[in-house]
Amino acid sequence: MASNYATEDLDSDEIVEMYCELCKKKGKHRIADGFCVNCVKYFCKKCLSYHTDFLPDHVHKDKTNMPQDVCLNPCPSHSEDIIKFYCSSCNMFFCSECKKNGHKECKNVHHLPELVKDLEKGTEFLNLRQNLDVVVEESQKHVSVLSEAKKSMEAMCSVALSEIDSLRDQLIEYINRSVGTIKSDLKSIENAEMKTIQDNCSKLSALISETSSMKSKMEQKVRECKRCELFMAMKDMQTKQKALQQNVLEVKRHKLRDFVFEANSSIKSLMKNHIPLGNLVFKQNSKPTVEVPDVNTQKSFVGNQLQKPLIKGETWYIIDVKWFKQWKSYVGYESLDHFNVGEESANPGPIDNTPIFQEGTDKLKEHLIDDLDYGLVPEECWQMLLSWYGLLEGQKPLPRKVIEQGTYSKSLKVEVYLWHLKIYDDSNPDDVITKHFSRSDTICKLEEVMRREFSIPSDKEVRLWNRFMTNMYEQLTKKHYTLQDAGLYQGQFIVIEQKNPDGSWPRKN
């Protein structure tokens, strides 16, 4: 639909020719020659003449004096008309038709060309431009900060990669050295046993040769009928025969020592439980990449965040109540005594969840109580606290999902304690791994974790089974179900079964 203006080379000269609004409604497009201030309408020469005669008390302007600084945007409600007015009460832009039908009672309607006259000289424009200049200046300053941050990140990554490669080389060297020692011990055992076997073989060869020689002598004496010599030889051979038998017994007593190679139990445990070789940890003295706001801003932001309602599926974070109370004291969140508010001595430092962990582990203590041992903050709040204060070296965030509980009366809660499930591959039932899951995790998520843990490719067809008794299994087919909906429980055994190459399944239904 045509708009109420004509333009020529708007980008360069900004020449605007308005159409007569009365002619336009009749389907004609005539260039406007005048303007009615009262009606806020543009007219061609003929229509302007009629309008002047009909409404002589209205103020009219000819082409040389009519408003030229017009808005070219179509009205949101009447696309055939352009925007001419602004209502400060409604904060809306609209055309003449809207003004006549929808904004009759509005007392703060302004003719847009008059409103924007000398706009660039007004305080609002000057303040906005000044504020934008500040934004540009601050942005330009922070560009250099981010540039330095980029260099620091590249340097840290380079150092970390170097340390990882160094650890790998040390491990390889250690493994090669250990393997070399074991192989050397094995060779020594082999050489000793082989020497004993070779010596015994030589002894037996000599015994066989000597025994054969004695038999030949006896048979020779018999053939020659030298019975006296035979008798004497027999007496001599009887004595030697006992010695020969004794030598045979000594050879027979030798037994090979059975042995097998047994890997160190600690090494096997490390691989079985997928214990990581190391972690990337954030140092306490790491400089934040964002500017830490003043304590009042922090207090206001966190206060608003803590008013958020629980929404199913959203993530909240566990935070130690001792650290949280120290932070509240630092910003004056609850304390009536504001003596130390904002003082560096009251700064809580990096977030420290040590008191709620089991000693020497990253597992939560049992039977922790909300507001007494720990607090809960929404994800956005946690991210801001983390950016302001950091996290104690070696610790990890504690994200938890909001879940729905109750059969008849539903309620929402943050799932502080996760379920642990025992998972294993059907082809290797002795390799059982314990993993933690949220009740709101789906069977599909469970399958993804099991594929990753047992190195099963994504294109390999698998089935999941719930083993709820020694020899009773139930197939988990509804992948969109949550673990809770699927009827699983704490400590459950879950089995993953891989399809055979011939298309059959190892486990019968």
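For clarity, every value in this text was computed on a predicted model and none was experimentally measured. (Residues numbered from 1 in each chain as written. Predicted model: local features only at pLDDT ≥ 70, side-chain atom pairs only at ≥ 80, totals over all residues. Heavy atoms only, no water.)

(A) Layout of a positive patch on the surface. Among the surface-exposed residues, Lys 26, Lys 28, Arg 30 and Lys 46 lie close enough to one another that they form a single positively charged patch. Residue Lys 28 is classed as partly exposed on the basis of its relative accessible area, which comes to 41%. (Patch = residues over 30% accessible without salt bridge, like charges linked within 9 Å, V, L, I, M, F, W, Y side chains within 5 Å. Areas by Shrake-Rupley, 256 points an atom, 1.4 Å probe, with all protein chains shown as cover. Salt bridge = Lys/Arg side-chain N within 4 Å of Asp/Glu carboxyl O. Lys, Arg positive; Asp, Glu negative; His and termini not counted. Charge placed at Lys NZ, Arg CZ, Asp CG, Glu CD. Buried < 20%, exposed > 50% of the residue type's maximum accessible area, 1.4 Å probe, protein only.)

(B) Geometry of the sheet that holds strand β3 (residues 34-36). Taken in spatial order, the three strands make up an open sheet running β4-β3-β5, and their pairing is antiparallel. For this open sheet the edge positions go to β4 (41-43) and β5 (60-62), each flanked by a neighbour on one side alone. Here the strands of the sheet are splayed against their neighbours by 25° on average, with no regard to which way each runs. (Pairing = 2+ DSSP bridges. Helix = DSSP H or I, 4+ residues; strand = E, 2+ residues; numbered from the N terminus. Axes fitted to C-alpha atoms, helices over the stretch in contact; angles between N-to-C directions.)

(C) Highlighting the pattern of salt bridges. In this structure the tally under the stated criterion is 20 salt bridges. A salt bridge links Glu 404 to Lys 312; the nearest nitrogen and oxygen atoms lie 3.7 Å apart. Of the two residues, Glu 404 is situated in strand β11 (residues 399-405) and Lys 312 in the loop between α8 (295-306) and β9 (315-320); the sequence distance between them amounts to 92 residues. Relative accessible area serves as the criterion here: at 55%, Lys 312 is assigned to the exposed category. The closest approach of N and O atoms between Asp 441 and Lys 445, which form a salt bridge, is 4.0 Å. According to the relative accessible area criterion, Lys 445 is partly exposed, its value standing at 36%.

(D) Seen up close, the packing of aromatic side chains. Applying the stated criterion to the full structure yields nine aromatic pairs. Between Tyr 317 and Trp 382 the ring centres are 5.1 Å apart and the planes differ by 0°, which places this aromatic pair in the stacked class. Placement of Tyr 317 in strand β9 and of Trp 382 in helix α10 (residues 379-389) is noted, with a sequence separation of 65 residues between them. Across this residue pair, the class does not change: Tyr 317 and Trp 382 are buried. Here the aromatic cluster, defined as three or more aromatic residues joined through ring pairs, consists of Phe 324, Trp 327 and Tyr 333. Its end group placed over the ring of Tyr 473, Arg 507 keeps NZ or CZ at 3.9 Å from the ring centre. (Phe/Tyr/Trp six-rings, centres within 6.5 Å; stacked < 30°, edge-to-face > 60°. Lys NZ or Arg CZ within 6 Å of the ring centre and 35° of its normal.)

The quantities given are spatial measurements derived from coordinates; they are silent on function.
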